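Examination of the molecular architecture
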Amino acid sequence: MNSSDASRFRLVIFVCLFFSGLTSLVYELVWIRQLTLVIGGTLYAVSAALCAFMGGLGAGAWGVSRFLAERGSWFNRMGPVKSYGILEGLIGLYALAFPYVLDGLSGLYPWFLEISQGSEKALRLCEFGMSVVLLAPATCLMGASLPLIGSWMVEDRADSMLPDVSLLYGLNTFGAVVGCLFVQFVGIKYFGVQGATWLAVALNVLIFATCFFLPATQREDGVSLPGYSRSLDDLPSDGQVDGRLQILLLGLFAFSGFVALASEILWTRVLVFPLGSAIYSFALILATFLLGIALGSLTANKIFGSSNLVVKFLALELAVGLYGLGILPAFDSLHDWIRQADLLFYDLENTAAQTLTVRSLFAFGLMFVPTFGFGLLFPLANRIHLPLFKTVGQTLGKSYAANTLGSVLGSLVAPFFLIPVFGIRGGLFAINSILVVLSVLGLALYIKGKPARRAIGFAFCIFALVGVWLGSPLNISTKEFGRGNFSRTDLNLKPDQIRLLDYKEGDFATLSVVEDKATQARTLYVDGFSTATVSDSIGGSAYMQAMGFLPMALHPDPKRALTICFGTGSTLGAVAEFPGVQADGVEIDGNVLSMAHWFEGWNREVLSRPNARMFVEDGRRFIRWSEDTYDVITLEPMSPVQAGVNNLYSKEFYELAERRLAEDGIMMQWLPLHLVGPEDARMIIKTFQSVFPHTTVWNSFLTRIVLLVGSRQPTPIDKNRFDQLMKNPGVRSMAQEIGLYSFLDFMDFYIADGAALTGALAPTKIITDDRPFLEYSSTALVPPYKWQTDASFLDLLRHRVGRFPPLLNVSAQEKESLENAYQLRTAQRFAVFSQRYDGPGREFFEAKNYRAGMEALGKSLERAKDGWIQIQDGRWTP
C-alpha cells in the first residue's frame, strides 16, 4: 500500500470515528430520556442513568485494554479496525433492541417496589442496578472503540501517541458535538425519538460495513504504514518520573475528569438563569462543553510539541484550576447580564436566532476556556502515562477508564454533596482549589531544586486561593439580589422594589422567594423561572385555588384527591379544604416544601393539615407505579415548553392518569396560554381530549390560564352540590377569594365543551413521548406576545357563543334565568377583546348594546366556521 492509499484509508477511519461519537451522544440522550419515563426524572434517577452510562464507557475502555495486551485475543486475531467495525454493528443492533429490553426490565419495577419495602435507599439501588443492566451492553462497546482505533493508529510508536490520540479523540468528541445538536435541535423534533434512533442505527451499520469489508491493509497485516518508525524504546527522555509522581499524575488526570463533570453540573445550575430550562438551552450547554474538549484535543499536538510534557501537563492542570477560581468573582455581575439578556428576549423585534446567539455567548463565555483545557489534557495525559502502562493499548484503555471513573464520581458528588454543603459557588471553589493544590504538589515533586522553590510554589497557591475568597465571598447571602445568590427578578420590578425573603441552592434546583414591597405579593422562583405568585389582591392566587376548587366541586362526592406539583401549595390547600377528603400531593423537589411557610396565608398551612399527605417523587413515575385510585387528579407542572415537562402533557401520561381515576373520577390539567403558542395550546387540548372522551374547558379567573377537565362521563354543574359546599365556611371563603359568590359565577367559569372543538382541532397533532412537540415550541426561543395569548383564549371562547354548560338540579325557570345571565356575561367577555383589538361589533359593545354586538360577532364567526381567530396589526379578524 502506497502513501496515498494509506492516507485515504486513514481518512475513512477518521470519518467512521466521527460518526461513532455522533451516534454515542444520540443514544445517551435518547436512552436516558426513555429510562426516566420508567424510573422518573428525579435527581437520583437521572444520576443513576448517567453514572451507569459513563461507568459502562470506562469499563469498556479498561476491558479492551486487557484483551489488547494478549497476543492471542479475539481483537488481535481480527485486527483492530475490523473489531471496531463489529463493535459498532453490535451497538446498532442493541439500539434496535433497547425499547424491548426496557419494556422487559420495566416489568420488574413493581417487584423492586415490593422488595424495597418502603426504603428509598433500597429502591434507588434497584434503579441503579436496572440502569446498569440496561445500558452496560452498549456503553461497554462504546468505551472500547477509541482504545481499539488508537492501538491501530499508534501501534508501539510512542512518539505518535500525542499527535494521533489528539486527532482521534478530537474527531470522536467533535462527532459528539454534532450528535448533541442533531438530536436536540433536529432529530427528535422532525423524526421523533424512535426516528432519531433509527438514523443513528443506520450510521452504525454503515460504520460496520465500512470497517469490516474494507480490503485488508498493511497495518492490519502487521506492517507499518509510512511515517511510523520509532518504537517505545527509541522515545526521547522527558525527564525522570518516579513511581510516586506517576501515580500522582494518573490520579490528577482522574481528578480532572471529576472536576470536568462536577463543573459541568455546577455551571449548568448557573447557566439556567440566563439561558432558561428549554431543551435548546441544555443542548447549547452540552454542545459548548463538548466543543471546547474537541477543539482542545485537536490542537494539543500543535500547542505542546514533544518535549517537557510532564511540566506542561501539570502547568495546564494548574491553569485550568486557576481559571475556575478566577471566574468566580464575575458571578456577582451575572444578575446585571441576565437583565440585559431578558431585555433582548422580550424585545418585540427579537428572533429565535438572536435568542440562540445570546444564550450561546453565555455558555461559551463561561465554559469554553476550561473545557478547551480539559480537551488539551486527554492526549497529553495518555502520552505521559506510557511509562506507567508500557503499551499503547493499555495506556489508552486504562487512562480513559481512570478519567471516566473520576467523571462518574464528579457527577455524583456535585449534586449530592457539593451543592448541599458548599453551594454552587462554594462547590466550584472547592474542586478547583484541590486541583490547584494537586498541580502545585506535582510540580514540586517533578522539579528538582531547593526547598525554597517549593515553598514559593505553595505560597503562590495559598495566595491565589485567599485572593479569590476575599474577592468573591462564597457564603450565600439574601441581603442583595445577585450578590451571594443567583436570584432573578421580573423585568418590570427593580431591585429596590422587592426583597429576597428566602434562597436555597438545593440538590435539584435553586429556589428563591421574592416579595414585592408595595403589594406584598410573593413569588416562588425555581431556577430563575417564576412558577407562582400569590397576593391578597383580587385574583392574586385565584387560578391556583381554582385548580383545586373546580374539580372538587364538579365531582359529586370526592374522597381521595391527588395534586401533582406543589409550588406554593395553594392548589393542594384548596383541595384539602373540602370536607371528608384525603388530599395527596406529589412534588419532585423536596426543597420546595421547605418554602411553603412563606405562603401559609394562601395555602392554608396545608402541610400541617391531618388530611394532607406529601410524596417527594416524580409525578409521572408516581402515577405509573402507584396502586391507589383517586376521585380527582389535578396538576400544575412547570412551563409546558421546558425540558422534560412534555412528560406531563403527553398522551401516554394521560393514559396513565386515566387508569388511576375512579370510575366517576375527574382529571384536571392547567393550560397556561401565556407560556405557549396558539398551536401548542391546540395540541395540548387535542391530546387531552384523545384520552378523556368528555372534555370541557374552563376559565380560572385569569384569561391567560384555562383549565381542562376530563372524565369518562359527562360532568354537569350540580346546583345542589354547589349550594351545599357554600355552607362550609372554609370552602365558601375560598370560593369568594376566586370570585365565586353565586352559582352563576361558577357557571361563568365554563368556556366550552370539547366536542365543539373537534372540527377545529382535526388537523392538530397529538403530543406523545415519541413526538414531544411542546419541547420544540417556538415560544421556547421567542416568548408569545399578549395578542397571541388573547387569540388563543378567543379561539376557545368563540365556542361558548350560543351554548350553555350542562346543569343539574335546576328548575326550568331557574335555568332560563341563568342562561340569560350567562349570555350577558359571554357578551361582556367578548366586548373586552372586541374593543381592545377593533373586532366585530366594537361600536355596539362600546355603547353597551351587547345584543347587537353579539349579532355582529356571530355573523363574523359563522363565516369563519372552524378557522382560527387572527390578530394582526392590533386588529382581530376570524
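Keep in mind that what you see is a predicted model, and the values were worked out from it rather than measured. (Residues numbered from 1 in each chain as written. Predicted model: local features only at pLDDT ≥ 70, side-chain atom pairs only at ≥ 80, totals over all residues. Heavy atoms only, no water.)

1. Section: the overall build of the protein
Looking only at helices and strands, the protein features 30 helices and 16 strands. Relative to its length of 878 residues, the protein is compact, with a C-alpha radius of gyration of 31 Å against a globular reference of 29 Å. If one aligns the C-alpha atoms of the protein with their principal axes, the spans along those axes are about 105 × 60 × 60 Å. Put simply, the protein has 878 residues, and 60% of those count as buried. Of all intrachain contacts in the protein linking residues separated by at least 6 positions in sequence, the fraction that spans at least 24 positions is 78%. Total accessible area on the protein stands at roughly 34,100 Å², and carbon and sulfur atoms take up 59% of it. Averaging the positions of the 71 positive and the 76 negative side-chain charges in the protein gives two centres separated by 4 Å. (Helix = DSSP H or I, 4+ residues; strand = E, 2+ residues; numbered from the N terminus. Rg over C-alpha atoms; globule rule 2.2 N^0.38 Å. Buried < 20%, exposed > 50% of the residue type's maximum accessible area, 1.4 Å probe, protein only. Contact = heavy atoms within 4.5 Å. Areas by Shrake-Rupley, 256 points an atom, 1.4 Å probe, with all protein chains shown as cover. Lys, Arg positive; Asp, Glu negative; His and termini not counted. Charge placed at Lys NZ, Arg CZ, Asp CG, Glu CD.)

2. Observations regarding the sheet that holds strand S2 (residues 510-516)
Spatial ordering of the open sheet is given by S1-S2-S3-S4, a layout of 4 strands whose pairing is antiparallel. Two strands lie at the open edges of the sheet, namely strand S1 (498-505) and strand S4 (529-534), each paired on one side alone. The sheet shows a mean angle of 20° between the axes of neighbouring strands, direction not considered. Pairing between S1 and S2: 7 bridges, direction antiparallel. Looking at S2, one finds that tyrosine 503 is bridged to serine 512. (Pairing = 2+ DSSP bridges. Axes fitted to C-alpha atoms, helices over the stretch in contact; angles between N-to-C directions.)

3. Side note on the side chain of histidine 385
Relative to the elements of secondary structure, histidine 385 occurs in the loop between helix H12 (352-384) and helix H13 (386-389). One polar contact links the side chain of histidine 385 to the main-chain carbonyl oxygen of alanine 381, over a distance of 3.0 Å. Not counting residues within four places of it along the chain, the set of residues in contact with histidine 385 comprises Leu249, Leu250, Phe253, Thr395 and Ser399. (Polar contact = N/O pair within 3.5 Å; in protein donor to acceptor, adjacent residues only side chain to side chain.)

4. Observations concerning the pattern of salt bridges
Counted under the stated rule, the structure contains 30 salt bridges. Between arginine 620 and aspartate 769 there is a salt bridge, with the nearest N and O atoms lying 2.6 Å from each other. You can see arginine 620 sitting in helix H20 (residues 619-625) and its partner aspartate 769 sitting in the loop between helix H26 (754-761) and helix H27 (786-797), a full 149 residues away along the chain. The same class applies to arginine 620 and to aspartate 769, which are both buried. Salt bridges sharing common partners tie together Glu120, Arg124, Glu127, Glu617 and Arg621. (Salt bridge = Lys/Arg side-chain N within 4 Å of Asp/Glu carboxyl O.)

5. Some points on the environment of threonine 634
For threonine 634, the position within the fold is in strand S8 (residues 630-635). Measuring from C-alpha to C-alpha, the distance between threonine 634 and valine 575 comes to 9.3 Å, with 59 residues separating the pair along the chain. Beyond its immediate sequence surroundings of up to four residues, threonine 634 is in contact with Met547, Leu562, Thr563, Ile564, Thr571, Val575 and Met668.

6. Thoughts on the environment of leucine 441
Relative to the helices and strands, leucine 441 is located in helix H14 (residues 392-446). It is 27 Å that separates the C-alpha atoms of leucine 441 and threonine 299, two residues lying 142 residues apart in sequence.

7. Examining unusual backbone geometry
In this structure, cysteine 565 takes a positive phi of about 85° despite not being glycine. Mapped onto the fold, cysteine 565 is located in the loop between strand S5 (560-564) and helix H17 (570-576). If you check the backbone angles, arginine 604 has positive phi at about 60° while not being a glycine. With respect to the secondary-structure elements, arginine 604 resides in the loop between helix H19 (600-603) and strand S7 (612-616).

8. Points about the side chain of serine 639
Residue position: serine 639 is located in the loop between S8 and helix H21 (651-660). Once residues lying within four places of it in the same chain are set aside, the contact partners of serine 639 are Phe529, Val645 and Leu675.

9. Digging into the pairing of strand S10 (residues 694-700)
Counting buried positions along S10 yields 6 of 7 residues, so the element is predominantly enclosed. Alignment of S10 against strand S13 (residues 750-753), held across 3 bridges, turns out to be antiparallel. Residue pairing in the sheet places tryptophan 698 in a bridge with tyrosine 750 of S13.

10. Some remarks on the pairing of S8
With respect to burial, S8 is a largely interior element, 6 of its 6 residues being buried. Where S5 meets S8, 4 bridges bridge the pair, whose relative direction is parallel. Residue pairing for S8: isoleucine 564 is matched across the bridge by leucine 635. Sheet topology places S8 next to strand S9 (residues 661-672); 5 bridges connect them, and they run parallel. Across the sheet, tyrosine 630 pairs through a bridge with leucine 661, a residue of S9. One crossover worth recording links S8 to the parallel S9 by way of H21, and it is right-handed. (Right-handed = clockwise from strand over helix to strand, strands pointing away.)

11. Section: helix H16 (residues 542-554)
Between its first and last C-alpha atoms H16 spans 17 Å; for 13 residues at 1.5 Å apiece the expected length is 18 Å, and the two agree. Across the 13 residues that make up H16, a large majority, 13, are buried. (Expected span 1.5 Å × (residues − 1).)

12. Concerning the packing of aromatic side chains
For the coordinates displayed, the defined rule picks out 42 aromatic pairs. Between the aromatic rings of phenylalanine 18 and phenylalanine 174, the centroid separation amounts to 6.2 Å while the plane-to-plane angle is 40°, which identifies the pairing as tilted. On the criterion of sequence distance, the pair formed by phenylalanine 18 in helix H1 (residues 3-39) and phenylalanine 174 in helix H7 (residues 161-213) is long-range, its members being 156 residues apart. When its relative accessible area of 19% is taken as the criterion, phenylalanine 18 is described as buried. Assessed through its relative accessible area of 31%, phenylalanine 174 is described here as partly exposed. (Phe/Tyr/Trp six-rings, centres within 6.5 Å; stacked < 30°, edge-to-face > 60°.)

13. With respect to helix H22 (residues 678-691)
Under the 1.5 Å per step criterion, the end-to-end length of H22 is 21 Å for 14 residues, consistent within 8% with the ideal 20 Å. Extensive coverage of H22 is indicated by the burial of 12 of its 14 residues. Residues of H22 that are buried include every one of Pro678, Asp680, Ala681, Arg682, Met683, Ile684, Ile685, Lys686, Thr687, Phe688, Gln689 and Val691, and no others.

14. A few points about the packing of helix H8 (residues 243-275) against H12
Between H8 and H12, the shortest axis-to-axis distance is 11 Å and the interhelical angle comes to 170°. In this view, H8 runs roughly antiparallel relative to H12, as classed from their interaxial angle. When H8 is examined against H12, the residues Leu249, Phe253, Ser256, Val259, Ala260, Trp267, Leu271, Pro274 and Leu275 are found in contact with a partner set consisting of Arg359, Phe362, Ala363, Leu366, Met367, Pro370, Thr371, Phe374, Leu377, Phe378, Ala381 and Ile384. Of the residues assigned to the contact of H8 with H12, the class counts are 18 nonpolar, 2 polar and 1 charged. (Parallel < 35°, antiparallel > 145°, perpendicular 65-115°, else oblique. Nonpolar A, V, L, I, M, F, W, Y, C, P; charged D, E, K, R; others polar.)

15. Here's the deal with the confidence of the model for the protein
Considering every residue of the protein, the mean pLDDT works out to 88; 91% of them sit at 70 or more. Per-element mean pLDDT across the protein ranges from 62 in helix H3 (residues 74-78) up to 98 in S5. (pLDDT = per-residue confidence, 0-100.)

16. Let's talk about a nonpolar patch on the surface
Judged by side-chain polarity, Leu90, Leu93, Leu96 and Trp198 come together as a nonpolar surface patch covering roughly 410 Å² of accessible area. At 3 residues, the largest contribution of residues to the nonpolar patch is made by helix H4 (residues 80-106). The exposure class of leucine 90 is partly exposed, given its relative accessible area of 38%. (Patch = residues over 30% accessible without salt bridge, like charges linked within 9 Å, V, L, I, M, F, W, Y side chains within 5 Å.)

17. Brief notes about the packing of H16 against helix H24 (residues 729-737)
In contact at an axis separation of 9 Å, H16 and H24 are set at 135° when each is read in the N-to-C sense. Compared by their axis directions, H16 and H24 come out oblique. Our pair here, H16 against H24, has a crossing hand that is left-handed. Judged by residue contacts, Ala542, Gln545 and Phe549 of H16 engage Val731, Met734, Ala735 and Glu737 from H24. Among the residues forming the contact of H16 with H24, the class breakdown is 5 nonpolar, 1 polar and 1 charged. (Left-handed = near helix turned anticlockwise from the far one by under 90°.)

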